[in-house]
Amino acid sequence: MRADHGGGGGTNGTEAELSDSLKTFGVVLKALREESGLTQEEFAARVRYSAAYVAKIEQGKRFPPAVLPARAEEVLGPVALKVLTAAAKSLTRRAGLASWFRQWAGIEEEAISLYAYECRAVPGLLQPESYIRAVFDRRLPPVSEEQIEREVAARLDRQQLVSVRENTAFSFVVEQGVLVRRMGGRDVTRQVIDHLLEVGARRNVEIQIMPSVQEEHCGIDGQVYLAETPAHQWIGYTEGQRSSNLIAAPKDVSVLLQRYGKLRSQALDCGATVKLLEQMRGAL
């Protein structure tokens with residue numbers, strides 16, 4: 001298995017097929033919208049999304065939210081619901097994600113609790129688009145612009161989990177050094193901090209910064225992701241250089257849960273994290 005900072009790399013024939021299915025869904029949506037005599041702006045307002053977001057869906061660059069067919073029915077009628085629901089069956093949120101990452105991505109989609117400790121990069125679910133592009137632009141070996149666009153779109157679609165799954169508890173512990181590094185430059189770092197502050201304000205999200213100086217630190221073995229399934233089973237996931245590991249053995253997952261619990265206690269609490277982020281942003 002290969003690694004790529006929180007998911008979204010690599011291509012194969014299946015991904016090409018998924019990309020085609022996204023484009024097909026977009027064409028169908030556009031045809032239904034135009035048949036009803038609505039502009040993108042008019043349709044977007046009625047289904048409660050931005051016009052830019054609807055445009056990306058129609059272009060096959062964004063994964064359509066699961067509730068879109070139902071919302072479209074309110075605007076376009078029952079036929080639209082049937083047609084879009086049928087078109088959606090050929091899709092997967094994992095379009096554009098590397099094959100090695102898809103198993104974890106599927107676990108993420110169903111999880112009722114998601115925890116992440118990161119010491120290398122901002123967690124994938126928390127990366128603003130500018131940061132995502134900074135990561136992919138600097139990846140070696142280089143990849144084509146088309147592949148970058150596909151993978152950026154896939155990661156942005158994956159991030160919908162944080163807003164769509166309002167009953168999922170998200171917890172992130174991020175090393176301060178990840179932000180001090182200023183990946184992508186000052187402007188990108190400002191956007192990262194603004195994004196962390198915005199997402200961290202959600203009632204189901206906790207973001208904690210691990211300060212650069214912390215003599216009591218149990219994360220020496222590196223990053224870790226944890227997910228609780230609807231059946232209340234915990235599963236772990238780790239990544240390294242060109243490798244990744246799904247951890248399901250109860251005794252091993254127990255170790256990761258103990259470590260993550262300790263990391264949360266060692267990191268700044270949410271209030272102190274907000275103050276630090278604001279201070280760091282002001283210093284940029």
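Everything in this summary refers to the structure shown in the same document.

Cut-off values and rules
Residues numbered from 1 in each chain as written. Predicted model: local features only at pLDDT ≥ 70, side-chain atom pairs only at ≥ 80, totals over all residues. Heavy atoms only, no water. Helix = DSSP H or I, 4+ residues; strand = E, 2+ residues; numbered from the N terminus. Buried < 20%, exposed > 50% of the residue type's maximum accessible area, 1.4 Å probe, protein only. Contact = heavy atoms within 4.5 Å. Areas by Shrake-Rupley, 256 points an atom, 1.4 Å probe, with all protein chains shown as cover. Pairing = 2+ DSSP bridges. Axes fitted to C-alpha atoms, helices over the stretch in contact; angles between N-to-C directions. Salt bridge = Lys/Arg side-chain N within 4 Å of Asp/Glu carboxyl O. Polar contact = N/O pair within 3.5 Å; in protein donor to acceptor, adjacent residues only side chain to side chain. Core = buried A, V, L, I, M, F, W, Y, C linked by side-chain atoms within 4.5 Å. Phe/Tyr/Trp six-rings, centres within 6.5 Å; stacked < 30°, edge-to-face > 60°. Lys NZ or Arg CZ within 6 Å of the ring centre and 35° of its normal. Parallel < 35°, antiparallel > 145°, perpendicular 65-115°, else oblique. Left-handed = near helix turned anticlockwise from the far one by under 90°. Nonpolar A, V, L, I, M, F, W, Y, C, P; charged D, E, K, R; others polar.

## Let's talk about the overall build of the chain
Then comes step 1: The secondary structure content of the chain amounts to 13 helices and six strands.
Then comes step 2: The buried share of the chain, reckoned over its 284 residues, is 49%.
Then comes step 3: Long-range pairs, those at least 24 residues apart, make up 77% of the contacts in the chain with a sequence separation of at least 6.
Then comes step 4: Carbon together with sulfur atoms contributes 51% to the accessible area of the chain, which is approximately 13,700 Å² in total.

## Digging into the sheet that holds strand 5 (residues 234-240)
Note: strands within a sheet are paired through backbone hydrogen bonds, in either parallel or antiparallel orientation.
Then comes step 1: Across the sheet, which stays open at both edges, the six strands sit in the order 3-2-1-4-5-6 with mixed pairing between neighbours. The open sheet has two edge strands with one neighbour each: strand 3 (205-210) and strand 6 (243-247). Mean inter-strand twist for the sheet, computed between neighbouring axes without regard to direction, equals 10°.
Then comes step 2: Taken together, the six bridges between strand 2 (residues 169-175) and strand 3 define a ladder with parallel strand orientation.

## Things to note about helix 7 (residues 129-137)
Then comes step 1: Listing the buried residues of helix 7 in full gives Tyr131, Ile132, Ala134, Val135 and Phe136.
Then comes step 2: Where helix 7 is buried, its residues touch helix 8 (145-158), helix 10 (176-180) and helix 11 (186-200).

## Section: the pattern of salt bridges
Then comes step 1: Overall, the coordinates contain 12 salt bridges when judged by the stated rule.
Then comes step 2: Here arginine 48 ties to glutamate 74 by a salt bridge, and the two come within 3.7 Å at their closest N and O atoms. Of this pair, arginine 48 sits in the loop between helix 2 (40-47) and helix 3 (51-58) while glutamate 74 is found in helix 4 (residues 68-76), placing the two residues 26 residues apart along the sequence.
Then comes step 3: Given a relative accessible area of 49%, arginine 48 falls into the partly exposed group.

## Overview of the side chain of glutamate 151
Then comes step 1: Relative to the helices and strands, glutamate 151 is located in helix 8.
Then comes step 2: In this structure the side chain of glutamate 151 is engaged in a polar contact, spanning 2.9 Å, whose partner is the side chain of glutamine 147.

## Considerations on the nonpolar core
When a protein is soluble and globular, its nonpolar side chains tend to lie buried together.
Then comes step 1: By size, the foremost hydrophobic cluster in this structure holds 39 residues, and its most contacted members are Trp104, Tyr131, Phe172 and Leu179.
Then comes step 2: Not counting chain neighbours up to four residues away, the residues in contact with tyrosine 131 comprise Ala121, Val122, Val178, Met183, Val188 and Val192.
Then comes step 3: By size, the runner-up hydrophobic cluster in this structure holds 16 residues, among which are Leu38, Ile57, Ala72 and Ala80.

## Let's talk about the packing of aromatic side chains
We describe a pair of aromatic rings using the distance from one ring centre to the other and the angle between the two ring planes.
Then comes step 1: The tally for this structure, following the rule as stated, stands at six aromatic pairs.
Then comes step 2: Arranged with centres 5.1 Å apart and planes meeting at 40°, the rings of tyrosine 115 and tryptophan 234 form a pair that is tilted. Taken together, the residues span a long stretch of sequence, with tyrosine 115 in strand 1 (residues 113-118) and tryptophan 234 in strand 5 at a distance of 119 residues.
Then comes step 3: Both rings, one in tyrosine 115 and one in tyrosine 260, keep their centres 5.0 Å apart while their planes meet at 10°; by these two values the pair is stacked. Here the residue tyrosine 115 occupies a position in strand 1, and tyrosine 260 occupies one in helix 12 (residues 250-266), the gap between them amounting to 145 residues. Of the two residues, tyrosine 115 and tyrosine 260, both sit in the buried class.
Then comes step 4: Taken together, the ring pairs in this structure connect Trp104, Tyr225 and Tyr237 into an aromatic cluster.
Then comes step 5: Above the ring of tyrosine 115, the side-chain terminus of arginine 264 is found at 5.1 Å from the ring centroid.

## Some points on unusual backbone geometry
Then comes step 1: Look at the link from leucine 140 to proline 141: it is a cis peptide, with omega at -5°.
Then comes step 2: Backbone geometry at histidine 232 places phi at a positive 65°, although glycine is not the residue there.
Then comes step 3: Relative accessible area serves as the criterion here: at 55%, histidine 232 is assigned to the exposed category.

## Considering the packing of helix 4 against helix 5 (residues 78-88)
Then comes step 1: At a minimum axis separation of 7 Å, helix 4 and helix 5 run at an interaxial angle of 150°. Classified by the angle their axes make, helix 4 and helix 5 are roughly antiparallel. For the pair helix 4 and helix 5, the sense of crossing is right-handed. Here Pro69, Ala70, Ala72, Glu73 and Leu76 of helix 4 come into contact with helix 5, specifically with Pro78, Ala80, Leu81, Leu84 and Thr85.
Then comes step 2: Classifying every residue of the contact of helix 4 with helix 5 gives eight nonpolar, one polar and one charged.

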